[in-house]
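# Reading the structure
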Amino acid sequence: MDFAPFDRRRYPTLAVRDGYREWAKTYEDVVQDEMDLRMLARIGTVDWANAGRVLDLACGTGRIGAWLRAHGVQRLDGLDFTPEMLARAETKGVYDRLILADMLDTGLPAAAYDLVLEVLADEHLAELSPLYQEAARLAGPAGVFVIVGYHPHFLMNGIPTHFDREGGAPVAIESYVHLLSDHAKAAHRAGWTLIEMDEGVIDDAWIAKKPKWARYRFHPVSFAMVWRKRERLA
């Protein structure tokens, strides 16, 4: 659903590619590990070191790729549609290959990966089905899809994905609200079965970094889901 009814801050809004092109230089100064890396660390159903061939969709600056390598992933590709983000990812030296493409239409071969990930990008999609369908196409018969996202509850509190420009003025990036049930429906249509789910809330670690968020204590701010491809009946 459209974010506009929940928008309390009324920041100027940029298209997704334009926003991340501008944000690339300071992205890693803003995004907190509690939002995404902590959620990945909680996942218990994925053996990262034995994950096989892995694709990091919307890989951005390579934060996720660096975490995956540190946790034993051996074969790793990254994909993003913003050249400025990919340039930052390249400096980390953690990807076997970096691909400039849209995560909804990657152009990559079918069934090429054992594990597909997408972290902190689904809120920029008008529809979820194309993401789950492309992930299913890319994953092999026993493939797994891990998604970590900005929680719809927090978006509905009126806080969009945003950053401060060089002059200090805040600007938002085009966002949409997807309920967790929307994820379930899109995933099931694409042939996925949920095997693990977690939600991250604003806690002491968050408030130590963002004291103004004390009023959001215990509100869910991010989520993680792990999906496995359903076996097809003969």
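Anything mentioned here points back to the structure above.
Residues numbered from 1 in each chain as written. Predicted model: local features only at pLDDT ≥ 70, side-chain atom pairs only at ≥ 80, totals over all residues. Heavy atoms only, no water.

A few words on the overall build of the chain. Within the chain, the regular secondary structure consists of nine helices and ten strands. By the compact-globule yardstick of 17 Å for 234 residues, the chain fits well, its C-alpha radius of gyration being 17 Å. When the backbone C-alpha atoms are referred to their principal axes, the chain occupies close to 55 × 35 × 30 Å. Counting all 234 residues of the chain, 53% fall into the buried class. (Helix = DSSP H or I, 4+ residues; strand = E, 2+ residues; numbered from the N terminus. Rg over C-alpha atoms; globule rule 2.2 N^0.38 Å. Buried < 20%, exposed > 50% of the residue type's maximum accessible area, 1.4 Å probe, protein only.)

Read from one edge of the open sheet, three strands run β1-β8-β7, paired in mixed fashion. One side of each edge strand has no neighbouring strand; the edge strands of this open sheet are β1 (13-14) and β7 (162-164). Bridge analysis of β1 against strand β8 (residues 170-173) gives two bridges, and the strand direction is parallel. Residue pairing in the sheet places Thr13 in a bridge with Ala172 of β8. (Pairing = 2+ DSSP bridges.)

Moving on, we come to the packing of aromatic side chains. For the structure shown, the criterion picks out 13 aromatic pairs. Where Phe154 meets Trp213, the ring centres are 5.0 Å apart and the plane angle is 55°; that geometry is what we call tilted. Note that Phe154 is positioned in helix α7 (residues 152-155) and Trp213 in the loop between α9 (204-209) and β10 (220-229), a separation of 59 residues in sequence. Under the relative-accessibility criterion, Trp213 is labelled buried at 12%. Taken together, the ring pairs connect Tyr150, Phe154, Trp206, Trp213 and Tyr216 into an aromatic cluster. Its end group placed over the ring of Trp213, Lys210 keeps NZ or CZ at 4.9 Å from the ring centre. One cation-aromatic arrangement involves Arg217 over Phe218; the distance from NZ or CZ to the ring centre is 5.9 Å. (Phe/Tyr/Trp six-rings, centres within 6.5 Å; stacked < 30°, edge-to-face > 60°. Lys NZ or Arg CZ within 6 Å of the ring centre and 35° of its normal.)

One open sheet accounts for seven strands, arranged β4-β3-β2-β5-β6-β10-β9; its pairing is mixed. Strand pairing shows two members of the sheet lacking a second neighbour, β4 (97-100) and β9 (192-201), which therefore form its edges. Strand-to-strand, the axes of this sheet are offset by a mean angle of 15°, without reference to chain direction. In this structure, strand β3 (residues 75-80) lies alongside β4, joined through four bridges in parallel fashion. Bridge pairing in β4 places Gly78 opposite Leu98. (Axes fitted to C-alpha atoms, helices over the stretch in contact; angles between N-to-C directions.)

With that settled, consider a nonpolar patch on the surface. A contiguous nonpolar surface patch, about 230 Å² in accessible area, is contributed by Met1, Met156 and Leu179. Turning to its location among the elements, Met156 is positioned in the loop between α7 and β7. Among the residues examined, Met156 registers a relative accessible area of 31% and is labelled partly exposed. (Patch = residues over 30% accessible without salt bridge, like charges linked within 9 Å, V, L, I, M, F, W, Y side chains within 5 Å. Areas by Shrake-Rupley, 256 points an atom, 1.4 Å probe, with all protein chains shown as cover. Salt bridge = Lys/Arg side-chain N within 4 Å of Asp/Glu carboxyl O.)

Under the defined criterion, the tally for this structure stands at 15 salt bridges. A salt bridge links Lys92 to Glu28, with the shortest nitrogen-to-oxygen separation between them at 2.5 Å. Taken together, the positions of Lys92 in helix α5 (residues 83-92) and Glu28 in helix α2 (residues 27-30) put the pair 64 residues apart, joining distant regions of the chain. A relative accessible area of 30% places Lys92 in the partly exposed class. According to the relative accessible area criterion, Glu28 is partly exposed, its value standing at 35%. A salt bridge links Asp96 to Arg69, with the shortest nitrogen-to-oxygen separation between them at 2.9 Å. Placement of the pair is Asp96 in the loop between α5 and β4 and Arg69 in helix α4 (residues 63-70), with a sequence separation of 27 residues. Given the relative accessible area of 51%, Asp96 is considered exposed. A network of salt bridges, in which partner residues are shared, links Asp18, Arg21 and Glu84.

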